[in-house]
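For reference, the chains in residue letters:
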Amino acid sequence: RGQLFFVTERLTGISLSQRIEADDALLWDELADVGWQIASTLQHAHNRGLTHGALTLYAVYVSADVRVVVADLGVHRWLASSEDSVSFVEYATKDLRDFGRLLKAAVQRTVDCGKVSATTEQMRAMDELIADLETGSSTVSARDVQGRLGRMLLDVAGDSIEMVDARDGQQLARR
């Protein structure tokens, strides 16, 4: 009857905000993994013409086994679509700026908790990534961010990255 509604899956885990404030803040390799999963989600969405529009620490949920779900994907943009004329590129760039702020807060909490097991080079690479995201350049894509975080994961893991077989239908989750 013309009334819109929105349905989402039930989320498991806790928000990234709750996780980084807890006594068990993310370890360095978990931080890179969570970042990679968020970048993968953004890449997947952006490839299909979707954006988040309001990515925050509260919109990302992390399970006990460090699996990430980005909640409310596209809801903000969907609700604002009738009121603004912001382009897809501007929203995608905003997603990446928001991701940079999110990553910066998570890294800072990891540093404050003394859980950084990263090398100076890995820290420098993360700082450069965050700086690139915060500038909001339309030349930085979620795919680029995913690749850079993937290299960080390989630096931590050595020659290989563990495959986590968490199949839901035909999907394979990677960590």
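Structure first, text after, so check above.
Draft legend 1. Structural detail: helix 2 (residues 28-47). Between its terminal C-alpha atoms helix 2 stretches 28 Å, which fits the 28 Å expected from 20 residues at 1.5 Å a residue. Of all 20 residues in helix 2, 15 are buried, a share of seventy percent or more. Just past helix 2, the residue Gly 49 takes up positive phi, approximately 80°.

Draft legend 2. Structural detail: the nonpolar core. Ranked by size, the top nonpolar core spans 33 residues in total, and within it Leu 16, Ile 38, Val 60, Phe 99, Met 126 and Val 145 carry the most contacts. When residues of this core are traced back to their parent elements, those giving at least two are helix 1 (16-21), helix 2, strand 2 (60-62), strand 3 (68-70), helix 4 (88-112), helix 5 (120-135) and helix 6 (142-157). Setting aside residues no more than four positions away along its own chain, Val 145 makes contact with Ala 39, Leu 96, Phe 99, Leu 129, Leu 133 and Val 140.

Draft legend 3. Quick look at unusual backbone geometry. One non-glycine residue, Val 66, lies in positive phi territory at about 60°. Mapped onto the fold, Val 66 is located in the loop between strand 2 and strand 3.

Draft legend 4. Focus on the pattern of salt bridges. If you walk through the whole model with that rule in mind, you get six salt bridges. Glu 30 is paired through a salt bridge with Arg 19; the nearest N and O atoms lie 3.5 Å apart. Placement of the pair is Glu 30 in helix 2 and Arg 19 in helix 1, with a sequence separation of eleven residues. The class of Glu 30 is buried, set by a relative accessible area of 18%. A salt bridge links Lys 104 to Glu 134; its shortest N-O distance comes to 3.6 Å. With Lys 104 in helix 4 and Glu 134 in helix 5, the pair connects residues that are 30 residues apart, well separated along the chain. The network of salt bridges with common partners includes Lys 94, Asp 98 and Arg 101.

Draft legend 5. Spatial organisation of the sheet that holds strand 2. Spatial strand order, 1-2-3: three strands in an open sheet with antiparallel pairing. The outermost strands of the open sheet, each flanked by one partner alone, are strand 1 (14-15) and strand 3. Two strands pair when backbone bridges link them, and strand 2 and strand 3 are joined in this way by three bridges, in the antiparallel orientation. In the sheet register, Val 62 faces strand 3, and the bridge partner there is Val 68.

Draft legend 6. Focus on helix 5. Here helix 5 spans 23 Å end to end across 16 residues, near enough to the 22 Å set by a 1.5 Å rise per residue. Inspection of helix 5 places Gln 122, Met 123, Met 126, Leu 129, Ile 130 and Leu 133 among the buried residues, and these make up the whole buried set. Here the buried residues of helix 5 occupy an arc of 125° about the axis, which is enough to place them on one side. Seen from the open side of helix 5, the exposed residues pointing more than 90 degrees away from its buried face are Thr 120, Glu 121 and Thr 135. Here the buried face of helix 5 lies against helix 2, helix 4 and helix 6.

Draft legend 7. Broad picture of the environment of Val 145. Mapped onto the secondary structure, Val 145 falls in helix 6. A residue is classified by how much of its surface remains accessible, and Val 145, at 0% relative accessible area, is buried. Along the primary structure Val 145 and Gly 100 are separated by 45 residues, whereas in three dimensions their C-alpha atoms are 10.0 Å apart.

Draft legend 8. Quick peek at the packing of helix 2 against helix 6. Between helix 2 and helix 6, the least distance of the axes is 8 Å, while the angle of their chain directions is 155°. Viewed along their axes, helix 2 and helix 6 adopt a mutual orientation that is roughly antiparallel. In terms of crossing hand, the pair formed by helix 2 and helix 6 is left-handed. Listed contacts from helix 6 to Trp 28, Asp 29, Ala 32, Asp 33, Gly 35, Trp 36, Ala 39, Ser 40, Leu 42, Gln 43, His 46 and Asn 47 of helix 2 are Ala 142, Arg 143, Val 145, Gln 146, Leu 149, Gly 150, Leu 153 and Val 156. Of the residues contributing to the contact of helix 2 with helix 6, the split by class is ten nonpolar, seven polar and three charged.

Conventions adopted
Residues numbered from 1 in each chain as written. Predicted model: local features only at pLDDT ≥ 70, side-chain atom pairs only at ≥ 80, totals over all residues. Heavy atoms only, no water. Helix = DSSP H or I, 4+ residues; strand = E, 2+ residues; numbered from the N terminus. Expected span 1.5 Å × (residues − 1). Buried < 20%, exposed > 50% of the residue type's maximum accessible area, 1.4 Å probe, protein only. Core = buried A, V, L, I, M, F, W, Y, C linked by side-chain atoms within 4.5 Å. Contact = heavy atoms within 4.5 Å. Salt bridge = Lys/Arg side-chain N within 4 Å of Asp/Glu carboxyl O. Pairing = 2+ DSSP bridges. Arc of directions from axis to C-beta. Axes fitted to C-alpha atoms, helices over the stretch in contact; angles between N-to-C directions. Parallel < 35°, antiparallel > 145°, perpendicular 65-115°, else oblique. Left-handed = near helix turned anticlockwise from the far one by under 90°. Nonpolar A, V, L, I, M, F, W, Y, C, P; charged D, E, K, R; others polar.

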